Amino acid sequence: MSVLPLVFTSGWASGINAYAVVLLLGIFGATGLSDDVPESLQRPEILITAGVLFLCEAVADKIPYVDSVWDSVHTVIRPAAGAWVGALLAGQSGSLSDLAAGAIGGSTALASHTVKAGTRMAINTSPEPFSNFVMSTAEDLGVAGILTFAMFHPEAAAIIAGVLLLAGLLALFFLISRIRRFLRRRAQRREEKRLAARVGQPPG
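Residues numbered from 1 in each chain as written. Predicted model: local features only at pLDDT ≥ 70, side-chain atom pairs only at ≥ 80, totals over all residues. Heavy atoms only, no water.

W12 and L25 are the most contacted members of the largest nonpolar core, which totals 30 residues. At 12 residues, the largest contribution of residues to this core is made by helix α1 (residues 4–30). When near neighbours in sequence (up to four residues on either side) are disregarded, W12 contacts T108, A109, S112, G142, V143, I146, A161, L164 and L165. In terms of nonpolar packing, the next biggest core, distinct from the first, is built from five residues, M121, L172, I179 and F182 among them. (Core = buried A, V, L, I, M, F, W, Y, C linked by side-chain atoms within 4.5 Å. Buried < 20%, exposed > 50% of the residue type's maximum accessible area, 1.4 Å probe, protein only. Helix = DSSP H or I, 4+ residues; strand = E, 2+ residues; numbered from the N terminus. Contact = heavy atoms within 4.5 Å.)

Taking 1.5 Å of rise per residue, the 17 residues of helix α2 (residues 44–60) would be expected to cover 24 Å, and the 24 Å separating its terminal C-alpha atoms lies within 8% of that figure. Along α2, the residues that are buried comprise L47, A50, G51, E57, A58 and A60. Residues of α2 that are buried make contact with α1 and α3 (66–93). (Expected span 1.5 Å × (residues − 1).)

A few words on the packing of helix α5 (residues 130–152) against helix α6 (residues 154–174). Here α5 crosses α6 at 150°, and the two axes come no closer than 6 Å. By the angle class used here, α5 and α6 are roughly antiparallel. Residues I146, F149, A150 and F152 of α5 touch α6, and the partners they reach there are P154, A156, A157, I160 and L164. Class assignment for the residues of the contact of α5 with α6 results in nine nonpolar, no polar and no charged. (Axes fitted to C-alpha atoms, helices over the stretch in contact; angles between N-to-C directions. Parallel < 35°, antiparallel > 145°, perpendicular 65-115°, else oblique. Nonpolar A, V, L, I, M, F, W, Y, C, P; charged D, E, K, R; others polar.)

Here's what the structure looks like:
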């Protein structure tokens, strides 16, 4: 059986929470629930590192504006993780070349990361913080649920991930005005901080 559906699903999930993907896949492999997980993802140091970083993301991802800063930092990390996991999965199965799997996993992760980061920018234009918590929790549960489903029904999970990715991209298109408002507010705050710092400096 081709590993392509699992590569696609793990790439989509990596764009949302790469540490959860590494942690879950490692646990699935270490507990014997799946034979498709490479041993390199099951190593204790990988699981511990992924677990600690997952906890950090679980907190940062639920705080308004902090979540967008976290997303900015992970613009490279999430696609890279998606490519790395995809290549490892392909190497484990031998049904898909490592290069092709890395490209699929990385590009899918980049697309889903773009949806996540853009959606958070739009949400951060709202004055109340509760929506950040709700969205972050829904993302965590969605990643865990679909990735678990992919272990047993990879084709069906890939279809679900594809539909969610397409829906997210369409939603992002309609949220462009809110995203622009978020970027204007962030630029304004930076300018205010810069002016405040200049005013606070002693005359030279």
